[in-house]
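This is what each chain is made of:
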Amino acid sequence: MSRFWSPFVHDLVPYVPGEQPKLSRLVKLNTNENPYGPSPRALEAIRSAADDSLKLYPDPDASLLKHAIANYYSVDASEVFVGNGSDEVLAHLFLGFFKQDKPLLFPDITYSFYKVYCGLYQIDYQTIPLAEDFAICLKDFPTDNGGIIFPNPNAPTGIPLPLADIEGLLRRNTESLVVVDEAYVDFGADTAIALVSRYPNLLVTQTLSKSRSLAGMRIGLAVGQAPLIEALERIKNSFNSYPLDKLAIIAGAAAFEDEAWFRGTCQKVIDSRELVRECLTRRGFDVLPSAANFVFARHDSRSGADLATALRKHGVIVRHFGKPERISDFLRITIGTPEQNQALFEALDAEL
Ligand SMILES: *Cc1c(COP(=O)(O)O)cnc(C)c1O
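Bear in mind that the values here come from a model prediction, so they are computed numbers and not experimental data.

Now for the domain arrangement of the protein chain. What the domain assignment lists for the protein chain is domain 1 (7–37 + 260–351) and domain 2 (40–258). If you average the C-alpha positions of domain 1 and of domain 2, the two centres end up 24 Å apart. Listed per partner, the contact involves 34 residues of domain 1 and 34 residues of domain 2. Summed over both sides, the interface between domain 1 and domain 2 buries roughly 2,700 Å², with carbon and sulfur atoms accounting for 65% of that surface.

Structure below.
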């Protein structure tokens, strides 16, 4: 704290990311990174682009990457926005669409960055409780709102929504923007990008941090009809003309072009997830049905806080959110390689 801070900074409540430990021997199952690494073609593209041309600014429009994404999803490049991680894309869309007279709606248990952006941009919001089984119930979202955002699958529960439910919401809710945050969609849910051509108020965000294993490059995207993308471009060009560096643009495009690597590594994560689910269930956990690269699980006798601390002593880090009360005994456990998952089971066996 300092007297030079503006009053506004005093009141900010920043997001707290999962720990990135300096010790490399830890089994890191706490921030939903993908253990299989980026496409070798993306890595090769980065190596071959790391040359003297880095003295020049990158393409401010990142058009190589936008075209690769447009090609992958069969949309027009004017329907694609890219940013420095999907967190930046989200920040821009909160400012561009959700600063309204009516409150923004999102689930009470969801990605905690949404509240942080509401604080940063002074956006009024209202949370809608998850159902008894922790699923998002879109029917509970009133249509009188300043916008709606939710992840599919939801974080940190991992529970997916059927596309029909999302389309049902879009049919009802025509007067405000609906954003579907698809950070984990590639691990088992259906993308709403297929609905973009029919709904002018739908914006879908994705990230290359999880399914394409490029968290370190910071690449995120949004797909929506061109007028929505234009709003995001206006904000981006009022904030930072070059949010994606040259290496990120090239790596992101190569990652979208290497579909075989993408599909193969996602499938390995999905297969391991089902195994992890079984193994946790056998050890006394209640595991929510996940379509993401993590599971959200609660033990029948040990508290979440206690288990997270115990696992850490065995060198395994998982994410524990103390709040809200309803999820205070859950652990969010990222799916690792078979060896990492085994280390988790051994740590649990030593503890339970
Ligand atoms: C990880 C995550 C993001 C942010 O991803 P980045 O592209 O790495 O910024 C956004 N939304 C949800 C729900 C996430 O879990």
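Summarising the element assignment, K28 is placed in strand β1 (residues 27–29). A distance of 3.3 Å separates the side chain of K28 from the side chain of Q20, its partner in a polar contact. Here the side chain of K28 touches N30 through a polar contact of 2.9 Å, side chain to side chain. If sequence neighbours within four positions are ignored, K28 has contacts with E19, Q20, P21, E33, I317 and Q340.

Counting residues in each nonpolar core, the largest one holds 60 residues, and the members touching the most others are F150, I166 and L202. At eight residues, helix α8 (residues 246–257) tops the list of elements feeding residues into this core. F150 has contacts with P107, Y114, I136, L138, L161, I166, L169, V178, V179, V180 and D181, leaving out every residue within four places of it along the chain. Of all hydrophobic cores here, the second largest spans 31 residues; its members include A155, F294, V318 and L348.

This part covers the pairing of strand β10 (residues 294–299). Most of β10 sits out of view: five of its six residues are buried. Count of turn residues in the strand β9 (residues 285–287)/β10 antiparallel hairpin: six residues. Sheet analysis places β10 next to strand β12 (residues 330–334), joined by five bridges and oriented antiparallel. Bridge pairing in β12 places R298 opposite F330.

What counts, and at which threshold
Residues numbered from 1 in each chain as written. Predicted model: local features only at pLDDT ≥ 70, side-chain atom pairs only at ≥ 80, totals over all residues. Heavy atoms only, no water. Domains from an automatic or database assignment. Contact = heavy atoms within 4.5 Å. Buried area = accessible area lost by both parts, 1.4 Å probe. Helix = DSSP H or I, 4+ residues; strand = E, 2+ residues; numbered from the N terminus. Polar contact = N/O pair within 3.5 Å; in protein donor to acceptor, adjacent residues only side chain to side chain. Core = buried A, V, L, I, M, F, W, Y, C linked by side-chain atoms within 4.5 Å. Buried < 20%, exposed > 50% of the residue type's maximum accessible area, 1.4 Å probe, protein only. Pairing = 2+ DSSP bridges.

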